[in-house]
Amino acid sequence: MPLKNKEARAAYNKDHREKNKEAYKAYNKDYREKNKEARVAYNKAYRERNKESRAAYNKVYRERNKEALAVRRKAYNAENKEARAAYNKAFYMLRKYGITLAEKKEMLNEQGNKCKICLQEFNDKVVSCVDHCHTMGKIRGLLCRQCNVGLGNFKDNPLALVKAAEYLKEQGEEDVR
């Protein structure tokens, strides 16, 4: 029965959708699954075609909703503090040294959870630092902060380190460990 009255048609459509809500959900889910690749390709092409207009719209939206977005971001960061810290740590490790946290853990296990130079065990107070060559970027191992800073102070120069060791021996300094 075709409904000519707009209000009656709208009421009929609303009632029909409400009665068949589960069937519509199932159909939509099935459709999305069957056409996933086509939808992804369409969305990618759409974003590419409308890059400038989307960027302009997003900029205006962020300016208009600056306070609300700040509140939402602050709440999210407060709720997800540990997850954000873990993500930031992993991202830093990957960006700066090119290794994942899993690779760093593997290095820790290979070194027996100890500094490669002083053999001090890593714990909550003694943190492991990634030692790397600043010119080549090659990772040499994990050191405690003191050993890592010490190498840095000697500009990673083996000759200077040998001279420093000889100097300490001349002065009668002994290993206190």
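Attention in this report is confined to the structure presented alongside it. If you're wondering where the values come from, they're calculated on a predicted model, not measured in any experiment.

## Considering the layout of surface pockets
Phase 1: Estimates place the volume of the second largest pocket at around 360 Å³.
Phase 2: Forming the walls of the second largest pocket are 19 residues, and the residues nearest its centre are Tyr 92, Tyr 97, Cys 129, Val 130 and Asn 148.
Phase 3: Contributing elements (two or more residues each) for the lining of the second largest pocket: helix H6 (81–97), strand S1 (128–132) and helix H8 (145–153).
Phase 4: If one sorts the elements of the lining of the second largest pocket by residue count, S1 sits on top with 5 residues.

## Some details on the packing of helix H4 (residues 51–64) against helix H5 (residues 66–79)
Phase 1: Two numbers describe how H4 lies on H5: the axes approach to 5 Å, and their chain directions differ by 80°. With respect to H5, the axis of H4 lies roughly perpendicular. When H4 is examined against H5, the residues Tyr 61, Arg 62, Glu 63 and Arg 64 are found in contact with a partner set consisting of Lys 66, Leu 69 and Arg 72.

## Remarks on the pattern of salt bridges
Phase 1: Scanning the entire structure with this criterion turns up 6 salt bridges.
Phase 2: Where Lys 19 meets Asp 15, a salt bridge forms, and the shortest distance between an N and an O atom there is 3.2 Å. In this pair, Lys 19 and Asp 15 both sit in helix H1 (residues 6–19), 4 residues apart, roughly one turn of the helix.
Phase 3: The exposure class of Asp 15 is partly exposed, given its relative accessible area of 37%.
Phase 4: In this structure, Glu 48 engages Lys 51 in a salt bridge whose closest nitrogen and oxygen atoms are separated by 3.3 Å.
Phase 5: Salt bridges here are not isolated pairs; linked through shared partners, they connect Asp 131, Arg 140 and Asp 156.

## Digging into the nonpolar core
The nonpolar side chains of a soluble globular protein tend to be buried, and buried together.
Phase 1: Counting 15 residues, the largest nonpolar core has Ile 99, Cys 115, Phe 122, Val 130, Leu 142, Cys 144 and Cys 147 as the members making the most contacts within it.
Phase 2: Taken together, the elements giving at least two residues each to this core come down to H6, helix H7 (101–110), strand S2 (139–144) and H8.
Phase 3: For this core, the element with the most residues is S2, which contributes 3 residues.
Phase 4: In contact with Phe 122, not counting residues within four places along its chain, are Leu 108, Asn 113, Lys 114, Cys 115, Val 127, Ser 128, Leu 142, Leu 143 and Cys 144.

## Side note on a positive patch on the surface
Phase 1: Taken together, the side chains of Lys 29, Arg 32, Lys 36 and Arg 39 define a basic patch exposed on the protein surface.
Phase 2: Every element with two or more residues in the positive patch is listed here: helix H2 (21–34) and helix H3 (36–49).
Phase 3: Mapped onto the secondary structure, Arg 32 falls in helix H2.

## Quick word on the pairing of S2
Phase 1: Note that S1 and S2 share 5 bridges and pair antiparallel. Within the sheet, the bridge partner assigned to His 132 lies in S2 and is Ile 139.
Phase 2: Connecting S1 to the antiparallel partner S2 that follows it, the hairpin turn spans 6 residues, and Gly 137 within it adopts a positive phi of roughly 80°.

Procedures and definitions
Residues numbered from 1 in each chain as written. Predicted model: local features only at pLDDT ≥ 70, side-chain atom pairs only at ≥ 80, totals over all residues. Heavy atoms only, no water. 1 Å grid on protein atoms, 1.4 Å probe; cavity = no way out; pocket = protein on both sides within 12 Å on 5 of 7 lines; lining within 4 Å. Points joined across faces, edges and corners; volume = space filled by probe spheres on them. Helix = DSSP H or I, 4+ residues; strand = E, 2+ residues; numbered from the N terminus. Axes fitted to C-alpha atoms, helices over the stretch in contact; angles between N-to-C directions. Parallel < 35°, antiparallel > 145°, perpendicular 65-115°, else oblique. Contact = heavy atoms within 4.5 Å. Salt bridge = Lys/Arg side-chain N within 4 Å of Asp/Glu carboxyl O. Buried < 20%, exposed > 50% of the residue type's maximum accessible area, 1.4 Å probe, protein only. Core = buried A, V, L, I, M, F, W, Y, C linked by side-chain atoms within 4.5 Å. Patch = residues over 30% accessible without salt bridge, like charges linked within 9 Å, V, L, I, M, F, W, Y side chains within 5 Å. Areas by Shrake-Rupley, 256 points an atom, 1.4 Å probe, with all protein chains shown as cover. Lys, Arg positive; Asp, Glu negative; His and termini not counted. Charge placed at Lys NZ, Arg CZ, Asp CG, Glu CD. Pairing = 2+ DSSP bridges.

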